[in-house]
Amino acid sequence: MRTLRKNWQFHVMLVPALILLILFSFLPMGGIVMAFQDYKPWLHISGSEWVGLDNFRYLFEREDSMQVIWNTLIIAVLKMIFNLLVPFIFAILLNEVRKIAVQRTIQTLVYLPHFLSWVILGGILLDLLATDGFVNQILGSLGIKPIFFLGDNNWFRFTVILTDVWKEFGYNTIVFLAALAGINPSLYEAAEIDGANRWKQTRFITMPSLVPMVVVVGTLALGNVLNAGFDQIFNLYNPLVYQKGDIIDTFVYRTAIQNGEMGFGTAIGLFKSAISMVLILLSYQLAKKWAGYRIF
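In this text, all values refer to a predicted model and were calculated from it rather than measured experimentally.

Draft legend 1. View of the pattern of salt bridges. Per the counting criterion, the structure on display carries eight salt bridges. Arginine 98 serves as the salt-bridge partner of glutamate 96, at 3.7 Å between the closest nitrogen and oxygen. Note on glutamate 96: relative accessible area 25%, which makes it partly exposed. Through salt bridges that share partners, Glu96, Arg98 and Arg198 make up one connected network.

Given below as structure tokens:
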């Protein structure tokens, strides 16, 4: 109470944020009840029939549900790996650029895609990757047959992962550049005196210094392993690629919004949220154990 009286101004500053948190995060959680009902909008929650765990049983009995879960895991895990690997390598390479003006220009150029929404990028990619689009025109000039990037199940995942990495790797590089800035310059000076060239300095100083940050970013990313990117998939996919490109979030959208299966859609969302919460707690413990990272 003494601390509260002393710092009451700071607690008052939290009130608007707490109100928003209650209104938009806690109160809507009452809708979780729909996961256990055969929900009918015209009957509301109070009048809809209670079905217990039937929606969850239906989730695991449907063949397309399990395919959607596998699609989500495959796409999310591959995104997580490449969104960790590519920024790591790019940060090391960018750190070797000695001219500050060139370095900052490159940084700005690779950051830009992050600030564009998938609505905009989706429209651009639909044109670029069409069978008669710019990319296929280049491939045709090289004697390669047109590729249906956004309509072929074998190419859709590759396209989704590649475009997501292209959009985000510049922004994700910031974390590693910050870690690089914290390396003691005397380590490089000592290595240079000992005769180590730039590659050996990178191998024995730069890369080991980045390992703790890689561990932190990688383990914390586990919490989002079921988030494969609704915005991106929704703006790029179509019925031709549902088999390999449909993820949990887009599946919920179609079942709950388009097909009116509100109870089933809520059950899928609750299942995803429960798994994500467990993974977030696990990843936090791993980050604390392996890299000494902790929030509290």
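Draft legend 2. Main features of the environment of threonine 206. Looking at the element boundaries, threonine 206 is found in helix α11 (residues 198-221). Note: C-alpha distance between threonine 206 and tyrosine 188 (18 residues apart in sequence) is 9.0 Å. The residues touching threonine 206, leaving out its near neighbours within four places in the chain, are Ile92, Leu180, Ile183, Tyr188 and Gln201.

Draft legend 3. Quick look at the packing of helix α7 (residues 118-128) against helix α9 (residues 153-181). Following both chains from N to C, one finds α7 and α9 inclined at 130°, their axes separated by 13 Å at the closest point. Between α7 and α9, the angle falls in the class oblique. Seen from above, α7 lies across α9 with right-handed handedness. Of the residues in α9, those in contact with Trp118, Leu121 and Leu125 of α7 are Thr163, Asp164, Trp166 and Lys167. Among the residues forming the contact of α7 with α9, the class breakdown is four nonpolar, one polar and two charged.

Calculation criteria
Residues numbered from 1 in each chain as written. Predicted model: local features only at pLDDT ≥ 70, side-chain atom pairs only at ≥ 80, totals over all residues. Heavy atoms only, no water. Salt bridge = Lys/Arg side-chain N within 4 Å of Asp/Glu carboxyl O. Buried < 20%, exposed > 50% of the residue type's maximum accessible area, 1.4 Å probe, protein only. Helix = DSSP H or I, 4+ residues; strand = E, 2+ residues; numbered from the N terminus. Contact = heavy atoms within 4.5 Å. Axes fitted to C-alpha atoms, helices over the stretch in contact; angles between N-to-C directions. Parallel < 35°, antiparallel > 145°, perpendicular 65-115°, else oblique. Left-handed = near helix turned anticlockwise from the far one by under 90°. Nonpolar A, V, L, I, M, F, W, Y, C, P; charged D, E, K, R; others polar.

In short, the description is geometric, and any link to function would need to be established separately.
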